[in-house]
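Spelled out, the chains give:
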Amino acid sequence: MHYQQGSDRGQVFMTSLDEMVSEDSFARIIDLFADAMPIKELGFKHASLKKEGNTPYHPRDMFKLLLYGYRHGFRSSNKLSKACRINVEVMWLMKGLQPSPRTVNYFRSQNTKAIENANRHFVQLLKKWKLVDGNTVAVDGTKVRGQNNLKNNFNAKKVQRHIDYLDNKMGEYIEQEKQINQKSKGKKKEEQLDTLHDKMDNLVKREEQFENIREQTENSKDGQVSLTDPDARAVIKHRNIVEVGYNIQTTTDGKHNIIIDQFCGGVNDLNDLGTAVKRTQDILSKKNMDVLADAGYHNGAEIAYVERLGATPFVSPKKQHQQKQEGYRKINFQYDRSNNTYICPQEYIMEPISKFQRGNKRKFTVTRYATPACVDCPVRDLCTTNIHGRFIERSSHQDYVDRNYNRVTKNKDYYRRRQAIVEHPFGTLKRQWHMDHTILRGRNNVISEYRLAAIAYNLCRSLSILGREGLIKRLKALISIVFSLFAVAKLYTRSQTSQFQFSSIKQHIYRRHYSQLYN
């Protein structure tokens, strides 16, 4: 018996790149998809050539390279550039082009808005393909590690701790200086003092740096400063584990778990629900939808804002903390809507005594209720220890919160769909595609990474749902539209066709091709 033998390395083969890439390769899907995208209309740079300057790479080819890399789990510009030389599928996809790592980085950082437009365009296309309906959407955030060490992230408390340490250290050096002056003499004394003074000068420089950082934290909106990536923030990942990074907010459609939108949120989910819903409505051109979210999004102002937008929120209520001492809680006080009063457990009427504003992102009104009967109440100790008596506060969005609570409690099975919908993309992106950290710096660059991954993810979902032949048929139909528009645009530049006539021709082409595609 013999081992299997390989071919002679010096043997010349008559073959082509196309023969080396299998027919069911995902690279062929990416190639068709990028060719079907209206690159120029999406805003990619260098989509049109200029007379002067070096010849650039076509943005369509660079877009293909990024989609392939994010789909297969390698994102760095060095790895992407190297793949153009060693990966047969990438060589086929790029037609032998070999952009440098710097070129890849520039393309990715200079086309953040175009990448967002491409993501929106694809989602709108999926809606026309009936893969997205927008009836039920789930919103959730995931924490990702940024390019900033925790040691290079500061807040006022942390800066003060460093300054106190330096002050104590300076005090120790001053004591050492006194001892040296008392005990040492001559050249040895001079050497010891020189060494000590160098250390003291170093402490002064470090304290000046921390004073500068303290000034930055005071001017910062959230009281944080990151030195490596200024946009990164300290976020609580889970179980009080803190990482410096970003909170990626993701909206997912409930029909086929397709990602609709992504953006960088705050350090937690509390104030991002309204923004997520508004962006989703703009993308889908649809207001009426059910929005599922976990307890981290339970914010009365946000719930009210979402309902005013025309959507129906299903936000899990926060768990009530167990009361340590016996006594009356707010739920023991009954609200009388007709008279705008509260009735306490002793059946005394609490009337409104003041109103004031609260809220940072979305302002709302709070009404405070009280009763003079607290002075002589026999069970005052069970109610409050305040010398002015018991107060009850009711926000202007309490009715919205109550409606949300009733919806969630009456539709528990429906709400349980949230986890199955929104955790599906997270499991794919973070576990399989290694997207649990970002390799870029800056809010715009970071979210562009996840939007690229979202496009690749949605393309995979489309392939799984429609099948290979069904997806290819739709992409080829889109390519014919792009070529038709290109021909019309070329004719427009050479003739006296008016802008209105040109727009009418474009609309006719879209209607004709889409009617063939969907009917």
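Residues numbered from 1 in each chain as written. Predicted model: local features only at pLDDT ≥ 70, side-chain atom pairs only at ≥ 80, totals over all residues. Heavy atoms only, no water.

Caption draft 1: A look at the overall build of the protein. Scanning the protein from terminus to terminus reveals 18 helices and 13 strands. Scaling as 2.2 N^0.38, a compact globule of 519 residues should have a C-alpha radius of gyration of about 24 Å, whereas the protein reaches 31 Å, well beyond that. Here the C-alpha coordinates of the protein stretch approximately 95 × 90 × 70 Å along the principal axes. Counting only residues that meet the buried cut, the protein has 43% of its 519 residues in that class. Residue pairs at least 24 apart in sequence account for 68% of intrachain contacts in the protein once pairs closer than 6 positions are excluded. When the accessible surface of the protein is totalled, it reaches about 30000 Å², and 48% of it is carbon and sulfur. Computing the positive centroid from 85 side-chain charges and the negative centroid from 56, the protein places the two 5 Å apart. (Helix = DSSP H or I, 4+ residues; strand = E, 2+ residues; numbered from the N terminus. Rg over C-alpha atoms; globule rule 2.2 N^0.38 Å. Buried < 20%, exposed > 50% of the residue type's maximum accessible area, 1.4 Å probe, protein only. Contact = heavy atoms within 4.5 Å. Areas by Shrake-Rupley, 256 points an atom, 1.4 Å probe, with all protein chains shown as cover. Lys, Arg positive; Asp, Glu negative; His and termini not counted. Charge placed at Lys NZ, Arg CZ, Asp CG, Glu CD.)

Caption draft 2: Molecular detail of the state of the cysteines. A complete count under the given rule lists zero disulfides for this structure. Looking at the unpaired Cys84, the closest cysteine sulfur is the one in Cys460, lying at 19 Å. What makes Cys84 buried here is its relative accessible area of 1%. (Disulfide = S-S within 2.5 Å.)

Caption draft 3: Broad picture of the pattern of salt bridges. Under the counting rule described, the total for this entry stands at 24 salt bridges. Note that Glu307 is salt-bridged to Arg407, the shortest N-O span being 3.7 Å. Pair noted here: Glu307 is in helix 12 (residues 300–309) and Arg407 is in helix 14 (residues 398–410), with a separation of 100 residues, a long-range link. The exposure class assigned to Glu307 is partly exposed, which follows from its relative accessible area of 21%. Overall, Arg407 belongs to the buried group, its relative accessible area being 16%. The partner of Asp399 in a salt bridge is Arg337, and the shortest N-O contact between them spans 2.9 Å. Of the two residues, Asp399 sits in helix 14 while Arg337 sits in the loop between strand 9 (334–336) and strand 10 (341–343), which places them 62 residues apart along the sequence. Classification of Asp399 by relative accessible area gives partly exposed; the value is 27%. For Arg337, a relative accessible area of 52% translates into the label exposed. (Salt bridge = Lys/Arg side-chain N within 4 Å of Asp/Glu carboxyl O.)

Caption draft 4: Spatial organisation of a nonpolar patch on the surface. A contiguous nonpolar patch, built from Leu150, Ile236 and Val242 and spanning about 240 Å² of accessible area, is present on the exposed surface. Relative to the assigned elements, Ile236 resides in strand 4 (residues 233–238). (Patch = residues over 30% accessible without salt bridge, like charges linked within 9 Å, V, L, I, M, F, W, Y side chains within 5 Å.)

Caption draft 5: Representation of the sheet that holds strand 9. In spatial order, the strands read 9-10-11-12-13; together these five strands make up an open sheet with antiparallel pairing. If you trace the sheet from one side to the other, it starts and ends with strand 9 and strand 13 (392–395), each paired once. Within the sheet, the average angular offset between the axes of one strand and its neighbour, ignoring direction, is 35°. In terms of strand pairing, strand 11 (residues 349–358) meets strand 12 (residues 364–370) through seven bridges, oriented antiparallel. Across the sheet, the residue bridging to Ser354 is Arg368, located in strand 12. (Pairing = 2+ DSSP bridges. Axes fitted to C-alpha atoms, helices over the stretch in contact; angles between N-to-C directions.)

Caption draft 6: A look at the packing of aromatic side chains. By the definition in use, this model includes ten aromatic pairs. The rings of Phe33, Phe44, Phe63, Phe107 and Phe122 are connected pair by pair, giving a single aromatic cluster. We note Lys158 situated over the ring of Phe154; from NZ or CZ to the ring centre the distance is 5.2 Å. We note Arg403 situated over the ring of Tyr400; from NZ or CZ to the ring centre the distance is 4.8 Å. (Phe/Tyr/Trp six-rings, centres within 6.5 Å; stacked < 30°, edge-to-face > 60°. Lys NZ or Arg CZ within 6 Å of the ring centre and 35° of its normal.)

Caption draft 7: Examining helix 2 (residues 26–36) more closely. Counted residue by residue, helix 2 has ten buried out of eleven residues, so it is predominantly covered. Where helix 2 is concerned, the buried positions are Phe26, Ala27, Arg28, Ile29, Ile30, Asp31, Leu32, Phe33, Ala34 and Ala36. At the N-terminal boundary of helix 2, the capping side chain belongs to Ser25, with an oxygen 3.1 Å from the backbone nitrogen of Ala27. (Polar contact = N/O pair within 3.5 Å; in protein donor to acceptor, adjacent residues only side chain to side chain.)

Caption draft 8: Spatial organisation of the environment of Ile387. Of note, Ile387 is situated in the loop between helix 13 (380–383) and strand 13. With twelve residues separating them along the chain, Ile387 and Val375 place their C-alpha atoms 8.6 Å apart.

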